[in-house]
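One-letter residues, chain by chain:
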Amino acid sequence: MEKKLVFSGVQPTGSLHLGNYLGALKNFVDLQKNNECIYCVVDLHAITVFQDPKELRDNILETTAAFLASGLDHKKSIIFNQSSVSGHAELAWILNCVARIGWLNRMTQFKDKAGKDREKASVGLYIYPNLMAADILLYKSTHVPVGADQKQHLELCRDIAQRFNNDFKKNIFPIPEPLIQKNISRVMSLRDGTKKMSKSDESSYSRIDLKDSADEIVKKIKKAKSDSLPIPESLSELDSKPEALNLLNIYSDLNKSTLEKTLNEMKGKDYSYLKNKLSEILIEIICPIGKKITQFLDDKTFLEKVINEGSEKANKIAQKNLKEIKNTVGFL
Ligand code: AMP
Ligand code: TRP
């Protein structure tokens, strides 16, 4: 069987939340058991929107702490910081010349993030998917665990890899496969079930942060939007109730169950019943991670050591691949 090389990245732009955990980190940890894995704190991506330098530095350490607290093992997986390995920026330039403007114009995340005043968005925000392709292809990665919001960027990465291989008539890059969680690929906001849970949402009540205390979790879940009617019997009745569906989905996933089984257990009950059970399981699973994040953050020297060692390992692979890529392009 083909050996998997797993790569993924998380932006250091604020505290990580339940969406990051269920959509990405949990999967990172599972994959590390049987595969070679590379996990990157993508600071070059973060600066596509202005970041205060001190906050950025703190956030890089905090994201690294969240990786470790969620169960990533820096002895098994490579954990590092994107800007420490110059190959990411170098390959991104080459891929900028492979990707077509028309491909980037289709990216919905750029349209969402740039908003109405697109002319004022940074050029980096526009070409960010090419940098993401470079992250993945620099290591010749074969599998990429991400949340559903990144699916379109992964498709672009596949197109770029294919185009490069075709243009240069050489099979340099494997075509990477997205690994998207089936049960809960998109955790939604607790305030609006049609929006994804996000670090950038103004309301902290929209998300559960991994560092939230038990009290905060209880408060946020109590305030979460649900539905005025009791919990329905069938999946189809949830189609028009996105907030209720989101709470049931989160509960099912944390409980390692399915939505069908959860509905069977809860049909006809009030949402307060679900909310109590959900708070309990969140406290059980998320609070220990939050405590570990705080503990790791107390030892910045250790976190820096993890990043430096990881960057050295990543750099070795990157340099070897970059040499071959540059040679293929025709650089001396
Ligand atoms: P980001 O914080 O945007 O760098 O995202 C890091 C990882 O978490 C990516 O794989 C995202 O797809 C995933 N992710 C972010 N928000 C959510 C969400 N609300 N639901 C599921 N996955 C998410
Ligand atoms: N774009 C991803 C996000 O915002 C983060 C990311 C950057 C990434 N490079 C990557 C994810 C490479 C997977 C693989 O969530």
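Residues numbered from 1 in each chain as written. Chains lettered and ligands numbered in written order. Predicted model: local features only at pLDDT ≥ 70, side-chain atom pairs only at ≥ 80, totals over all residues. Heavy atoms only, no water.

Visitor: Explanation requested: the environment of A121 in the structure shown.
Guide: Of note, A121 is situated in the loop between α6 (108-114) and α7 (123-138). Look past the residues within four positions of A121 in its chain and what remains in contact with it is F110 and A114. (Helix = DSSP H or I, 4+ residues; strand = E, 2+ residues; numbered from the N terminus. Contact = heavy atoms within 4.5 Å.)

Visitor: Which parts of the structure should I look at to understand the site of ligand 1?
Guide: In the vicinity of ligand 1 there are 17 residues, among which G147, D149, V187, M197 and K199 approach most closely. Interatomic distance of 2.8 Å between a side-chain N/O atom of K199 and an oxygen atom of ligand 1. Look at ligand 1: alone it shows 480 Å² of surface, and the protein chains cover 92% of it. The greatest single-element share of the shell around ligand 1, amounting to four residues, is contributed by helix α1 (residues 18-32). (Near = heavy atom within 4 Å. Polar contact = N/O pair within 3.5 Å; in protein donor to acceptor, adjacent residues only side chain to side chain. Areas by Shrake-Rupley, 256 points an atom, 1.4 Å probe, with all protein chains shown as cover.)

Visitor: Even after reading the chapter, I still don't get the packing of helix α3 (residues 53-70) against helix α13 (residues 300-329), so can you show me in this structure?
Guide: The angle between the axes and the distance between the axes are what describe a pair of packed helices. Closest axis-to-axis distance for the α3/α13 pair is 10 Å, and the angle between their directions is 80 degrees. In terms of orientation, α3 and α13 fall into the roughly perpendicular class. Judged by residue contacts, I60, L61, T64, A65 and L68 of α3 engage K300, F302, L303, E304, V306 and I307 from α13. Its residues assigned to classes, the contact of α3 with α13 shows eight nonpolar, one polar and two charged. (Axes fitted to C-alpha atoms, helices over the stretch in contact; angles between N-to-C directions. Parallel < 35°, antiparallel > 145°, perpendicular 65-115°, else oblique. Nonpolar A, V, L, I, M, F, W, Y, C, P; charged D, E, K, R; others polar.)

Visitor: What should I look at first to understand the site of ligand 2 in this one?
Guide: Taken together, 13 residues surround ligand 2, and among them Q11, Y128, M132, D135 and Q150 come closest. A distance of 3.1 Å separates an oxygen atom of ligand 2 from a polar atom in the side chain of Q11. In this structure, a nitrogen atom belonging to ligand 2 sits 2.7 Å away from a side-chain N or O atom of D135. Here ligand 2, which alone exposes 370 Å², has 91% of that area covered by the protein. Counting residues per element, the ones that place at least two in the shell around ligand 2 are β1 (5-10) and α7.

Visitor: What is the right way to look at the layout of surface pockets in this model?
Guide: Here the largest pocket is characterised by a volume of approximately 1200 Å³. For the largest pocket, the lining is made up of 47 residues, of which Q109, K113, D149, Q150 and K196 are closest to its centre. Listed by contribution, the elements that provide at least two residues to the lining of the largest pocket are β1, α1, α2 (43-46), α6, α7, β4 (143-145) and α8 (151-167). Counting residues per element, the lining of the largest pocket draws most heavily on α1, which supplies five residues. Among the residues forming the lining of the largest pocket, the class breakdown is 17 nonpolar, 21 polar and nine charged. Considering only enclosed or pocket space, the second largest pocket measures out at about 210 Å³ in volume. Forming the boundary of the second largest pocket are D43, P53, L56, R57, I60, L61, N81, S84, E304, I307 and N308. Secondary-structure elements contributing two or more residues to the lining of the second largest pocket are α3 and α13. No other element matches the five residues that α3 contributes to the lining of the second largest pocket. Split into classes, the residues belonging to the lining of the second largest pocket amount to five nonpolar, three polar and three charged. (1 Å grid on protein atoms, 1.4 Å probe; cavity = no way out; pocket = protein on both sides within 12 Å on 5 of 7 lines; lining within 4 Å. Points joined across faces, edges and corners; volume = space filled by probe spheres on them.)

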